[in-house]
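Topology and contacts: notes
In case you want the letters, here they are:
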Amino acid sequence: WVPVNGMGLYSVDPATGEYIEARESSEGEAILAPMAMMMIMFILSILGAQPLLNSTMEEKSQKISEVILGSCSTFDFMMGKILGGVGASLSAALVYVGGGVIALRYMGRSDLIPLELIPWFFAYATLLITMMGAIMAALGSTCSTAKEAQSLAFPGMLPMVVPMMIWFMIVREPLSSFSVIASLIPPLTPMLMLLRQSTPYHIPAWQPWIGLIGVILFTLFSVWASARIFRIGILSSGKAPKLGTIIKWIFRND
């Protein structure tokens, strides 16, 4: 039996151009740390976006939304709900991230704190929660009962469910073609790109920036499309529309 130490990769100092020797890495750092980052973002998305589906449905079924719309537009109403979800999630994120940093410093493992990833984490988390909040608010506006809301919950959760299904393949080979393509698909980018950046591998600098631009554009589109659905769905009545009908509402001109 030959003992083997797991090592990272050589890197280059951007200031001097000199090579920096690889340091020893562990399975926990290679797998558990990226998984923890992704799980925190998943929890924050659930905390900020999922309640908007049920709250919008309840306000519509109890005719509360009609009273609120007497003093504001449908877009203002929807954005108020989204910003509330984003604020709640980011407050929780400060607690999670701050607590993790304090705990690692207390245990003398400051080397495990990914300081360079914290700005990326908050940028991706904000965009993901905004995107998911808009989608959930739009879907909730089309429902009048809890049963109808449950049937639409899964399609709306796909941007968070798919990364949870393929995360292990991404962690094992973060530089593979599959990992790169999957992480550049805007709805999946926040969780998968952060997952790749959390691994010991060096991710080309252009990929996170291209992914961030794509997520920003897709988030703006999601808010616009959700507002188109929200303005019709929040005042509609009767049986919940089918998914195809909801998509057609986005492109209606009236």
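So, a few notes on the structure that sits alongside this text.

**Focus on the overall build of the protein chain**
A tally of regular secondary structure across the protein chain gives nine helices and two strands. Secondary structure elements in the protein chain, listed N-terminal to C-terminal, are β-β-α-α-α-α-α-α-α-α-α. Counting all 254 residues of the protein chain, 43% fall into the buried class. For the protein chain, restricting intrachain contacts to residue pairs at least 6 apart in sequence, the fraction spanning at least 24 positions comes to 71%. As presented, the protein chain carries roughly 13800 Å² of accessible surface, and 68% of it is formed by carbon and sulfur atoms.

**Here's the deal with the side chain of Thr 219**
Inspection of the secondary structure puts Thr 219 in helix 8 (residues 206-233). From its side chain, Thr 219 meets the backbone oxygen of Val 215 in a polar contact 2.7 Å long. Those residues in contact with Thr 219, other than ones at most four positions away along the chain, are Leu 127, Thr 130 and Met 131.

**As for the nonpolar core**
Ranked by size, the top nonpolar core spans 63 residues in total, and within it Met 41, Met 78 and Phe 121 carry the most contacts. Elements with a contribution of two residues or more to this core: helix 1 (27-61), helix 3 (74-106), helix 4 (118-141), helix 5 (146-172), helix 7 (189-197), helix 8 and helix 9 (243-250).

**Observations regarding the pattern of salt bridges**
Using the criterion set out here, one finds one salt bridge in the structure. Among the salt bridges present, the one from Lys 81 reaches Glu 59, with a minimum N-O distance of 3.2 Å. Residue Lys 81 is located in helix 3, and its partner Glu 59 is located in helix 1; the two are separated by 22 residues in the primary sequence.

**Here's the deal with the packing of aromatic side chains**
Across all of its chains, the model carries seven aromatic pairs by this definition. Plain terms: the ring middles of Trp 120 and Trp 209 are 5.0 Å apart, the flat faces sit at 70° to each other, and that makes the pair edge-to-face. Of this pair, Trp 120 sits in helix 4 while Trp 209 sits in helix 8, and the two are 89 residues apart along the sequence. By relative accessible area, Trp 209 is classed as exposed at 51%. One aromatic cluster is present, built from ring pairs that chain together Trp 120, Tyr 124 and Trp 209.

**Some thoughts on unusual backbone geometry**
A positive phi is found at Lys 63, a non-glycine position, where the angle reads about 65°. Topologically, Lys 63 is positioned in the loop between helix 1 and helix 2 (64-68).

**Concerning helix 7**
Given 3.6 residues to a turn, an α-helix orients residues that are three or four positions apart in the same direction. Buried residues dominate helix 7, accounting for nine of its nine residues. Buried residues of helix 7: Thr 189, Pro 190, Met 191, Leu 192, Met 193, Leu 194, Leu 195, Arg 196 and Gln 197, and no others.

**What about a nonpolar patch on the surface?**
A grouping of Trp 206, Ile 210, Ile 213, Ile 216, Leu 217 and Leu 220 is seen on the molecular surface, where their side chains present a nonpolar patch of about 620 Å² in accessible area. Within the secondary structure, Ile 213 sits in helix 8.

**With respect to the packing of helix 4 against helix 5**
Contact geometry for helix 4 and helix 5: axes closest at 10 Å, N-to-C directions at 170°. The pairing of helix 4 with helix 5 is recorded here as roughly antiparallel in orientation. On the side of helix 4, the interface is formed by Met 132, Ile 135, Met 136 and Leu 139, while helix 5 contributes Leu 152, Ala 153, Gly 156, Met 157, Pro 159 and Met 160. Partitioning the contact of helix 4 with helix 5 into residue classes produces nine nonpolar, one polar and no charged.

**What about the packing of helix 3 against helix 4?**
Angle between the axes and distance between the axes: these two values describe a pair of packed helices. Here helix 3 crosses helix 4 at 150°, and the two axes come no closer than 9 Å. For the pair helix 3 and helix 4, the sense of crossing is right-handed. Counted together, Met 78, Ile 82, Gly 85, Val 86, Ser 89, Leu 90, Ala 93, Leu 94, Val 97 and Val 101 of helix 3 and Ile 118, Phe 121, Phe 122, Thr 126, Ile 129, Thr 130, Gly 133, Ala 134 and Ala 137 of helix 4 form the full contact between these two elements.

**Observations concerning the layout of surface pockets**
Estimated volume of the second largest pocket: approximately 420 Å³. Residue lining of the second largest pocket: 18 residues in total, with Ile 135, Leu 139, Ile 229, Ile 247 and Ile 250 positioned closest to the centre. Among the elements of the structure, helix 4, helix 5, helix 8 and helix 9 are those that each provide at least two residues to the lining of the second largest pocket. Considered class by class, the residues forming the lining of the second largest pocket number 15 nonpolar, three polar and no charged.

Calculation criteria
- Residues numbered from 1 in each chain as written.
- Predicted model: local features only at pLDDT ≥ 70, side-chain atom pairs only at ≥ 80, totals over all residues.
- Heavy atoms only, no water.
- Helix = DSSP H or I, 4+ residues; strand = E, 2+ residues; numbered from the N terminus.
- Buried < 20%, exposed > 50% of the residue type's maximum accessible area, 1.4 Å probe, protein only.
- Contact = heavy atoms within 4.5 Å.
- Areas by Shrake-Rupley, 256 points an atom, 1.4 Å probe, with all protein chains shown as cover.
- Polar contact = N/O pair within 3.5 Å; in protein donor to acceptor, adjacent residues only side chain to side chain.
- Core = buried A, V, L, I, M, F, W, Y, C linked by side-chain atoms within 4.5 Å.
- Salt bridge = Lys/Arg side-chain N within 4 Å of Asp/Glu carboxyl O.
- Phe/Tyr/Trp six-rings, centres within 6.5 Å; stacked < 30°, edge-to-face > 60°.
- Patch = residues over 30% accessible without salt bridge, like charges linked within 9 Å, V, L, I, M, F, W, Y side chains within 5 Å.
- Axes fitted to C-alpha atoms, helices over the stretch in contact; angles between N-to-C directions.
- Parallel < 35°, antiparallel > 145°, perpendicular 65-115°, else oblique.
- Nonpolar A, V, L, I, M, F, W, Y, C, P; charged D, E, K, R; others polar.
- Left-handed = near helix turned anticlockwise from the far one by under 90°.
- 1 Å grid on protein atoms, 1.4 Å probe; cavity = no way out; pocket = protein on both sides within 12 Å on 5 of 7 lines; lining within 4 Å.
- Points joined across faces, edges and corners; volume = space filled by probe spheres on them.

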